[in-house]
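Listed here are the chains, written in short residue letters.
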Amino acid sequence: MSSHDAYQTADDSQLVSATLEGHAEAFEVLVERYQRRLFGLVRNYTRNAAEVEDIVQDTFLKAFSRLETFQQSSAFYTWLYRIGVNTILDVMKRRGRNPVTAVEDPELVGRTGTGASDATQERLSIRPDARLEREEVGEITRSVMDELPEIFRTVLVMRELEQMAYQDIADTLEISIGTVESRLFRARARFKQKLLQLHPEFAAGQEAEARESTRADRQRRNSAKQADQKGARKAKP
């Protein structure tokens, strides 16, 4: 068995330690373990295949050169993800698109006081209609994402596509959980607004869902009222 094969069963912290001890094969396993997810992340920002490959390669090169700064107390992918996001945003800046100051930053405009419960109520699924083919849904999602400012797209990608926990998003972007919640709330609202602008056919679907929800609520209230009336009659002497 080669040393590369022997590292396949090692956890991330063991692979990091082995890499720092001079075993390059250990880092190769880390690359194999996370390159697919990293490619998926970068494709949410650019569809240029050469650019995607350059960003992923640059991210791993930066990770390798900074590996001694990795704190074993955190997850390796969270740390790698942070490097990837920063690399992407650097590319955006070089294109002349400032991902922070050129867009409406909720923390610069002012907090809305929105908490996790409100964000959950306003949550917009990235899969706008389950009846559509997966490929069509993916294309629609990408077209809408392309229209969002980077500051909103980043948190939306992390939460909705990467399924990252709030704390991991906060750690990656080096912001508070409250800031994550605020940006997500606004990002979902922006996504929904842009979705209906670019694909107005979804408005009809949302109206139908709202009518169905209202009808269901009315039925529940009527059932509860009837149950109360029945109970009141039984309670009479």
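Residues numbered from 1 in each chain as written. Predicted model: local features only at pLDDT ≥ 70, side-chain atom pairs only at ≥ 80, totals over all residues. Heavy atoms only, no water.

Please give an account of the overall build of the protein that cites residues and values.
In terms of helices and strands, the protein carries 12 helices and 0 strands. Element order for the protein, N to C, with α for helix and β for strand: α-α-α-α-α-α-α-α-α-α-α-α. Residue burial in the protein is summarised as follows: out of 237 residues, 39% are buried. Put simply, of all contacts in the protein between residues at least 6 apart along the chain, 64% involve residues at least 24 apart. (Helix = DSSP H or I, 4+ residues; strand = E, 2+ residues; numbered from the N terminus. Buried < 20%, exposed > 50% of the residue type's maximum accessible area, 1.4 Å probe, protein only. Contact = heavy atoms within 4.5 Å.)

For unusual backbone geometry, give the residues involved together with the corresponding values.
Backbone phi values are negative for most residues with the exception of glycine, while trans is the configuration of most peptide bonds. Even without being a glycine, E174 presents a positive backbone phi close to 60°. Residue placement: E174 occurs in the loop between α10 (166–173) and α11 (177–198). Take E174: its relative accessible area is 65%, and that puts it in the exposed class.

Got a sec to walk through the packing of helix α9 (residues 150–161) against α10? Specific residues and values, please.
Here α9 crosses α10 at 140°, and the two axes come no closer than 10 Å. With respect to α10, the element α9 is oriented oblique. For the element pair α9 and α10, the recorded crossing hand is right-handed. Residues T154, V155, M158 and R159 of α9 touch α10, and the partners they reach there are Y166, I169, T172 and L173. Tallied by class, the residues present in the contact of α9 with α10 amount to 5 nonpolar, 2 polar and 1 charged. (Axes fitted to C-alpha atoms, helices over the stretch in contact; angles between N-to-C directions. Parallel < 35°, antiparallel > 145°, perpendicular 65-115°, else oblique. Left-handed = near helix turned anticlockwise from the far one by under 90°. Nonpolar A, V, L, I, M, F, W, Y, C, P; charged D, E, K, R; others polar.)

So what's going on with helix α5 (residues 76–94)? Residues and values would help.
With 19 residues, α5 should reach 27 Å at 1.5 Å per residue; the first-to-last C-alpha distance of 27 Å fits that figure. The buried fraction of α5 amounts to 15 of the 19 residues, a majority that puts the element mostly inside the structure. (Expected span 1.5 Å × (residues − 1).)

Hey, could you go over the pattern of salt bridges for me, with residue numbers and the actual values?
This model, assessed by the stated rule, comprises 3 salt bridges. Residue K62 pairs with D58 through a salt bridge whose shortest N-O separation is 3.6 Å. With K62 and D58 both in helix α4 (residues 49–65), this residue pair falls 4 residues apart, about one helical turn. For K62, a relative accessible area of 18% corresponds to the buried category. Taking the shortest distance from any N to any O, the salt bridge between R188 and E160 comes out at 3.0 Å. Of this pair, R188 sits in helix α11 while E160 sits in helix α9, and the two are 28 residues apart along the sequence. Its relative accessible area of 6% is what places E160 among the buried residues. (Salt bridge = Lys/Arg side-chain N within 4 Å of Asp/Glu carboxyl O.)

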